[in-house]
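Each chain, written out:
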Amino acid sequence: MKTNGLVRCAALALSVALATANFAEDAVDSISESVSTSFSESLTASDTADASSGSLLDEANCNCCCRGSRFWFAGAEATMLQANVRSGGLLTASFSDTTAPGVSTIAFRDGDGINKLGVAPRLWIGRQLTQNWGIVARYWDLTVAEKQFPQQNPAIPSTGTNFATFEERNTARLYAADLELMRSFYTLGWKIDALGGVRRAHIDCTSDFLAFGVFTTGNFINLTLQNGFSFDGVGGTGGLLGRRQIGNLPLQFLIGGRFSYLSGHTDSFARADGAVASSPSAPLVGAGTVSRNESPATATIGEFQTGLQLDYPLAVIPASAFLRTSFEYQNWIIHGKPTGGVGFGGTIGEITTNSFASGGLGRANLAGVSIATGINW
């Protein structure tokens, strides 16, 4: 799997964040000055009293709103998610020798992706531009893989015994790189960050079924079935993240959501190739592939996160060091054109083989926990 484009994507996002921060500081200063002046004139005496209540959240808010210092902030997060990534296709295969004494039948129905726990890093770096504005670049990457005995087809009961090897390998990868502006609001004890910007994202999933070896005495099989898809796209992303202090504890409840809409293209395929031999007959050999490449497609990504965050205000800059644990959910849906399928099969000597590989466009649901630490404004 190629990663050069991924590295360039992450490096580009961070580079643009650094360059844009310097430009954005001047632009936001002008906007913020007029907004701040108007906002200051509308403050009442009760607002001033609330701002000096002395709680941790109020102190952090005052640090951000009163000092107005510019500084860099960053964080790292480990996401541990159960990744249910579907390929959008299906792989089916059956092998049968009905001639005594080697009577044996086995059938499989699998090849629709992977469902496995995966650990992925999320990194971000940003720049506070004014007391309420900032810019942030964020990158997340998840890869999962497994090798297993394929799921058997319940519609075709297995009989007898065979000596062949059957296995299936499934892999999936998802990543997202974001560059966003962030606007912070303070209301009713909540700090709310509104984010909006651009996202580059990728998802792929492949399944590979393999059957080989001596099936029954005098009968040899070698069959490969594959399917998979990938999507690459760019589009808009936006979200809200709210935090509220719990009593007088240095602990905050957080809840947030994000939605992304991307335009791009998909590549999808299905493949079947095999050889079956039954002595003394000539072997049965065949292969075929169907694919749809560079097909226009769109994707929607919905995300939700909620949890607890422990903050420690820093003295040298208007920010807090934090440790956070949360529940996270993601839903990826790909919209595009179907692919089709291809098969291999027949009867040779004593053994009958039937197989089919279909391709399509998949989806993904991910749920689990995340642990993060860093500096937040």
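Residues numbered from 1 in each chain as written. Predicted model: local features only at pLDDT ≥ 70, side-chain atom pairs only at ≥ 80, totals over all residues. Heavy atoms only, no water.

Some thoughts on a nonpolar patch on the surface
Taken together, the side chains of Ile246, Leu249, Phe253, Ile255, Phe304, Leu308, Phe327 and Tyr329 define a hydrophobic patch exposed on the protein surface, amounting to about 630 Å² of accessible area. When residues of the nonpolar patch are traced back to their parent elements, those giving at least two are strand 10 (251-278), strand 11 (284-313) and strand 12 (320-335). Mapped onto the elements of the fold, Phe253 is located in strand 10. (Patch = residues over 30% accessible without salt bridge, like charges linked within 9 Å, V, L, I, M, F, W, Y side chains within 5 Å. Areas by Shrake-Rupley, 256 points an atom, 1.4 Å probe, with all protein chains shown as cover. Salt bridge = Lys/Arg side-chain N within 4 Å of Asp/Glu carboxyl O. Helix = DSSP H or I, 4+ residues; strand = E, 2+ residues; numbered from the N terminus.)

Description of the nonpolar core
Counting residues in hydrophobic clusters, the biggest one holds 25 residues, and the most contacted among them are Val85, Trp140, Leu142, Leu174, Ile203, Trp332 and Leu366. When near neighbours in sequence (up to four residues on either side) are disregarded, Trp140 contacts Thr79, Leu81, Ala120, Pro121, Arg122, Leu174, Tyr175, Ala176, Gln330, Trp332 and Leu366. (Core = buried A, V, L, I, M, F, W, Y, C linked by side-chain atoms within 4.5 Å. Buried < 20%, exposed > 50% of the residue type's maximum accessible area, 1.4 Å probe, protein only. Contact = heavy atoms within 4.5 Å.)

A look at the sheet that holds strand 6 (residues 159-160)
Ordered by their spatial adjacency, 5 strands build an open sheet running 6-3-2-14-13, and the pairing between neighbours is antiparallel. The open sheet has two edge strands with one neighbour each: strand 6 and strand 13 (340-348). Across 9 bridges, strand 13 lies against strand 14 (residues 351-359) in antiparallel orientation. The partner of Gly345 across the bridge, within strand 14, is Asn354. (Pairing = 2+ DSSP bridges.)

Digging into the sheet that holds strand 8 (residues 190-216)
Taken in spatial order, the 10 strands line up as 1-4-5-7-8-9-10-11-12-15 and close into a barrel, and their pairing is antiparallel. Across this sheet, the average inter-strand angle for adjacent strands is 15°, counted without regard to direction. Relative to strand 15 (residues 363-376), strand 1 (residues 71-86) is paired through 12 bridges, and the arrangement is antiparallel. The partner of Asn84 across the bridge, within strand 15, is Asn365. (Axes fitted to C-alpha atoms, helices over the stretch in contact; angles between N-to-C directions.)

A few points about the pairing of strand 15
Along any regular strand, the residues point their side chains to alternate faces of the sheet. Across 14 bridges, strand 12 lies against strand 15 in antiparallel orientation. Each residue of the ladder has a partner; that of Ser320, found in strand 15, is Asn376.

Quick word on the side chain of Gln245
Mapped onto the elements of the fold, Gln245 is located in strand 9 (residues 219-245). Residue classification places Gln245 among the buried residues on the basis of a relative accessible area of 11%. At 3.5 Å, the side chain of Gln245 and the backbone oxygen of Gly247 are in polar contact. Here Leu249 takes part through its backbone oxygen, which lies 2.9 Å from a polar atom of the side chain of Gln245. (Polar contact = N/O pair within 3.5 Å; in protein donor to acceptor, adjacent residues only side chain to side chain.)

A few points about the packing of aromatic side chains
Going through the model one piece at a time under the given rule, you end up with 10 aromatic pairs. Taking 5.8 Å as the distance between ring centres and 40° as the angle between the ring planes, the aromatic pair formed by Phe95 and Phe166 counts as tilted. Of the two residues, Phe95 sits in strand 2 (residues 90-97) while Phe166 sits in strand 7 (residues 165-187), which places them 71 residues apart along the sequence. Assessed through its relative accessible area of 1%, Phe95 is described here as buried. Given the relative accessible area of 7%, Phe166 is considered buried. (Phe/Tyr/Trp six-rings, centres within 6.5 Å; stacked < 30°, edge-to-face > 60°.)

Remarks on the confidence of the model for the chain
Within the chain, residue pLDDT values average 83, and 81% of them lie at 70 or more. Long-range and interchain partners of residues 1-7, a stretch whose pLDDT sits below 50, account for 8 contacts in this model, where long-range means more than four residues apart. Confidence over residues 9-14 falls short of pLDDT 50; this stretch has 7 contacts with residues more than four positions distant or in other chains. (pLDDT = per-residue confidence, 0-100.)

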